[in-house]
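The residues making up each chain are set out below.
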Amino acid sequence: QFNIDLELKKVNEALRTLVLIDDLTGLYNRRGFMMFAEQHLKLSRRTNQELLLVFLDLDGLKQINDSFGHSEGDRALAKTAKILKEAFHRDFDLVARLGGDEFVALTMDSLHQSSQGIYLRLQKHLNIINTDISRPYSLSFCIGVTHFNPKSRTTINDLMAEADEALYQRKRARTAVGRLPLGIREKGIPT
């Protein structure tokens, strides 16, 4: 009986991993992220610690797939996951691939990090990836960041919607900046 129980426990753990992990990147998938993010919010409320949620969208995945094939697109997604794992590597950090070219990270807000600080940290790891590997394209991404106030009644869905909106505002601003006269820059995150 003991051996059967042990085997069943191992099988259940393997199934749980399959259900919660994105097999391409090794990050949590949407289901895994949502499950653990709720726990992070509860802990944040108990400890009165602010959190940051970062939405990240890989640029040009469709073009990479169309120009170089889906296996190269898969490599681009895996490299993006590597960047996120290196940028958000603390035990409490929660990183996931939501699907397609969308990623998310939930992290403790240490010293009230700014969107620009997170962007610069991600950019540092992106630059390393882009210089280490020779390919006919460079990886790039757009991010949206939002803060979670532990005193609020904000849900993980609310937080994700805020970060998603910040990401799309950033994308629109980035596009608009390209049309502005030289020397005028967007406030906040560098282009």
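As a reminder, the structure under discussion sits directly above these lines.
Please read these numbers as outputs of a predicted model, since none were measured by experiment.

## Details of the nonpolar core
1) Next: Counting 27 residues, the largest nonpolar core has F88, I118, L122, L139 and I143 as the members making the most contacts within it.
2) Next: Mapped onto this core, the elements with two or more residues apiece are strand 1 (51–58), helix 3 (61–68), helix 4 (70–87), strand 3 (102–108), helix 5 (115–132) and strand 4 (141–148).
3) Next: Tallying contributions element by element places helix 4 first for this core, with six residues.
4) Next: In this structure, A96, V104, L106 and I156 belong to the second largest nonpolar core, which totals 22 residues.

## Let's talk about the pairing of strand 3
1) Next: Most of strand 3 sits inside the fold, with six of its seven residues counted as buried.
2) Next: As defined by bridge partners, strand 1 adjoins strand 3 across seven bridges and the pair is classed as antiparallel. The partner of L53 across the bridge, within strand 3, is L106.
3) Next: Of the strand pairs in this sheet, strand 2 (residues 94–99) and strand 3 are connected by five bridges, and their pairing is antiparallel. Looking at the pairing, R97 lines up with F103 of strand 3.

## With respect to the environment of L56
1) Next: By secondary structure assignment, the location of L56 is in strand 1.
2) Next: Between the C-alpha atom of L56 and that of D101, which follows or precedes it by 45 residues, the distance is 8.2 Å.
3) Next: When sequence neighbours within four positions are dropped, the list of residues in contact with L56 reads T80, L84, D101, E102, F103, L122, F141, C142, I143 and L167.

## A word on the pairing of strand 2
1) Next: The element strand 2 is extensively covered by neighbouring structure, given that five of its six residues are classed as buried.
2) Next: As consecutive antiparallel partners, strand 2 and strand 3 are separated by two residues, and within that stretch G100 has a phi angle of approximately 55°, a positive value.

## Thoughts on unusual backbone geometry
Of all residues except glycine, most have a negative phi; of all peptide bonds, most are trans.
1) Next: At N48, a position not held by glycine, the phi torsion is positive, near 55°.
2) Next: Among the structural elements, N48 can be located in the loop between helix 2 (30–47) and strand 1.

## Looking at the environment of L126
1) Next: Note that L126 resides in helix 5.
2) Next: Of the residues examined, L126 reaches a relative accessible area of 3% and is grouped as buried.
3) Next: Not counting the four nearest positions on each side in its chain, L126 is found in contact with I83, L139, S140 and F141.

## Here's the deal with the packing of helix 3 against helix 4
1) Next: With their axes 7 Å apart at the nearest point, helix 3 and helix 4 run at an angle of 145° to one another. Residues L61, I64, N65 and F68 of helix 3 form the contact with helix 4, whose participating residues are H70, E72, G73, A76 and L77.
2) Next: Here the residues of the contact of helix 3 with helix 4 sort into five nonpolar, three polar and one charged.

## Description of the side chain of T25
1) Next: By the element assignment, T25 lies in the loop between helix 1 (2–20) and helix 2.
2) Next: T25 gets classed as buried once you look at its relative accessible area, which sits at 7%.
3) Next: A distance of 2.6 Å separates polar atoms of two side chains, one belonging to T25 and the other to D22.
4) Next: For T25, the contacting residues outside a window of four places in its chain are L77, A78, A81, K85, R97 and F103.

## Observations concerning the environment of L139
1) Next: Of note, L139 is situated in the loop between helix 5 and strand 4.
2) Next: Through-space distance from the C-alpha of L139 to that of G60 is 8.3 Å; in sequence the pair is 79 residues apart.
3) Next: Excluding residues that lie within four positions of it along the chain, L139 makes contacts with L58, A76, K79, T80, I83, L126, I129 and N130.

Definitions and limits used
- Residues numbered from 1 in each chain as written.
- Predicted model: local features only at pLDDT ≥ 70, side-chain atom pairs only at ≥ 80, totals over all residues.
- Heavy atoms only, no water.
- Core = buried A, V, L, I, M, F, W, Y, C linked by side-chain atoms within 4.5 Å.
- Buried < 20%, exposed > 50% of the residue type's maximum accessible area, 1.4 Å probe, protein only.
- Helix = DSSP H or I, 4+ residues; strand = E, 2+ residues; numbered from the N terminus.
- Pairing = 2+ DSSP bridges.
- Contact = heavy atoms within 4.5 Å.
- Axes fitted to C-alpha atoms, helices over the stretch in contact; angles between N-to-C directions.
- Nonpolar A, V, L, I, M, F, W, Y, C, P; charged D, E, K, R; others polar.
- Polar contact = N/O pair within 3.5 Å; in protein donor to acceptor, adjacent residues only side chain to side chain.

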